[in-house]
Amino acid sequence: TPRHRSLAPPQMIAVKFFTRAIARHEVREIEQRHTQDGLREREAAAAALTNSEDDLVIIYNRVPKTASTSFTNIAYDLCGKNRYHVLHINTTKNNPVMSIQDQVRFVKNVTEWREMKPAFYHGHVSFLDFTKFGVKRKPIYINLIRDPIERLVSYYYFLRFGDDYRPGLRRRKQGDKKTFDECVSAGGSDCAPEKLWLQIPFFCGHYSECWNVGSQWALEQAKYNLVNEYMLVGVTEELEDFVMMLEAALPRFFRGATELYKTGKKSHLRRTSEKKPPTKESIAKLQQSAIWKMENDFYEFALEQFQFVRAHAVREKDGELYLLAQNFFYEKIYPKN
């Protein structure tokens, strides 16, 4: 007798069909959720990138008489168009060392003052290590330095004659007509080798040893901070290149800076009045000091680093500087979607 295949009752067929329909619906829902989640993740990533740029803080702890006012004027001119805030750190009597309580206040302001972000802080303050205060995201440090003797000569005349930025302002040594050469010849305190000791401690920071004139430890710490804590350190003698590289690296702040530097009215605005170049004899006398040798060592170190960075970022053609295009890309990206 042939076997009879049992036929599923109509109810069972309906249940199976309904179950499959539910399963297909759930799969579609899962796929839609994945698509929506992926879209949300991409939107969140894009928002995070925007928020990341809007959260940027730059600190320019400017060394006196290194073209810092000329450079800062560029930041002021661009802040409205590029939508960021510029804040001057005005310390009492231009003291570059903050008290421990002011260090805490400053770190808190820089990291938590959201209404001011993105922000460009500038002032005559020595380097401050934010990691000591438990900060997760450190600010970006930049700076400019100058040939140490040229910087001292400029500062010497600035204290006596001021500059063309605020010509009516009375300066501390106003009325002293003695030239820099006469000062060196007479062994004056304002042109003594000890006065050269400034760029090293500014980069060294808030340690007591940084301000011990002639400290080898301070020199090494300044070099360490320059290469590890500063995104870019330029030199006064090559200011345009510095501005160009900042525009390429940080367009959120410096978009349009190069053109402004070349054509703007405020470029090189601050010129020290009555400044006379020192004689070879005065220069030679200063160069005999151990302090000059250390400050010059630091300057040469910074110059070499700057030129190394520039060589990998800029090319010169027909007397004009050009930024190199992006020179890397991504490939062999796995897993494949």
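Bear in mind the structure is a predicted one, so any value in this text is a computation, not a measurement.

### Description of the pattern of salt bridges
Going through the model one piece at a time under the given rule, you end up with 13 salt bridges. In this structure, lysine 138 engages glutamate 229 in a salt bridge whose closest nitrogen and oxygen atoms are separated by 2.9 Å. Of the two residues, lysine 138 is situated in the loop between β3 (119-122) and β4 (140-145) and glutamate 229 in helix α7 (residues 216-229); the sequence distance between them amounts to 91 residues. Between glutamate 240 and lysine 262 there is a salt bridge whose closest N-O contact spans 3.8 Å. Taken together, the positions of glutamate 240 in helix α8 (residues 239-249) and lysine 262 in helix α10 (residues 257-263) put the pair 22 residues apart, joining distant regions of the chain. A relative accessible area of 43% means that lysine 262 is categorised as partly exposed.

### Here's the deal with helix α12 (residues 290-311)
Between its first and last C-alpha, α12 extends 31 Å over 22 residues, near the 32 Å set by a 1.5 Å rise per residue. Along α12, the positions that sit buried rather than exposed are Ile291, Trp292, Met294, Glu295, Asn296, Phe298, Tyr299, Ala302, Leu303, Phe306 and Arg310.

### Quick word on the packing of aromatic side chains
Per the counting criterion, the structure on display carries 21 aromatic pairs. Aromatic pair phenylalanine 106 and tyrosine 121: ring centres 6.0 Å apart, planes at 90 degrees, arrangement edge-to-face. Note that phenylalanine 106 is positioned in helix α3 (residues 100-112) and tyrosine 121 in strand β3, a separation of 15 residues in sequence. Taking the relative accessible area as the measure of exposure, phenylalanine 106 reaches 10% and is therefore buried. The class of tyrosine 121 is buried, set by a relative accessible area of 4%. Aromatic side chains phenylalanine 127 and tyrosine 230 sit 5.8 Å apart centroid to centroid with 40 degrees between the ring planes, which places their arrangement in the tilted category.

### Considering the state of the cysteines
One pass over the structure, following the stated rule, counts two disulfides. Disulfide pairing is shown between cysteine 183 and cysteine 191; the S-S distance is 2.1 Å. Handedness of the cysteine 183-cysteine 191 disulfide follows from its S-S torsion of about -95 degrees: it is left-handed. For the pair cysteine 183 and cysteine 191, one class covers both residues: buried.

### Here's the deal with unusual backbone geometry
Note that the residue after lysine 117, namely proline 118, is joined by a cis bond; omega there is -10 degrees. Along the chain, tyrosine 334 connects to proline 335 via a cis peptide bond; the corresponding omega equals -5 degrees. Within the element layout of this structure, proline 335 appears in the segment after β7 (320-323).

### A word on the sheet that holds strand β1 (residues 57-60)
Backbone-to-backbone hydrogen bonds join strands into a sheet, with any given pair of strands oriented parallel or antiparallel. The strand order across the open sheet built from five strands is β2-β3-β1-β4-β5, with neighbouring strands paired in parallel fashion. Every other strand in the sheet has two partners, leaving β2 (85-88) and β5 (230-235) as the edge strands with one partner each. Between one strand axis and the next, the sheet turns through 20 degrees on average, direction left out of account. Contacts between α12 and the sheet are confined to β4 and β5, with β5 contributing the most and set at about 110 degrees to the helix.

The rules we used
One numbering rule holds for all chains: residues counted from 1, following each sequence as written. Confidence filtering applies because this is a predicted model: local features only for residues at pLDDT of at least 70, side-chain atom pairs given and counted only at 80 or more, and all residues used for totals across whole chains, interfaces and linings. For side-chain calculations, the full set of non-hydrogen atoms in the structure is used, while hydrogens and water are omitted. By definition here, a salt bridge exists when the distance from a side-chain nitrogen of Lys or Arg to a carboxyl oxygen of Asp or Glu is within 4 Å. Secondary structure elements are taken from DSSP: a helix is a run of H or I of four residues or more, a strand is a run of E of two residues or more, and numbering for both begins at the N terminus. With a 1.4 Å probe rolled over the protein chains alone, any residue whose accessible area is under 20% of its type maximum counts as buried; one over 50% counts as exposed, and the rest are partly exposed. Multiplying 1.5 Å by the residue count of a helix minus one yields the expected span of that helix. Working definition: rings of Phe, Tyr and Trp (its six-membered ring) pair if their centres are within 6.5 Å, and the pair is stacked with planes under 30 degrees apart, edge-to-face with planes over 60 apart, and tilted otherwise. Pairs of cysteine sulfur atoms within 2.5 Å are identified as disulfides in what follows. Two strands qualify as a pair provided DSSP detects at least 2 bridges between them. Axis definition: a line fitted to C-alpha atoms, limited for helices to the stretch in contact. Angles are taken between N-to-C directions and run from 0 to 180 degrees. Contacts: residue pairs with any heavy atoms within 4.5 Å of one another.

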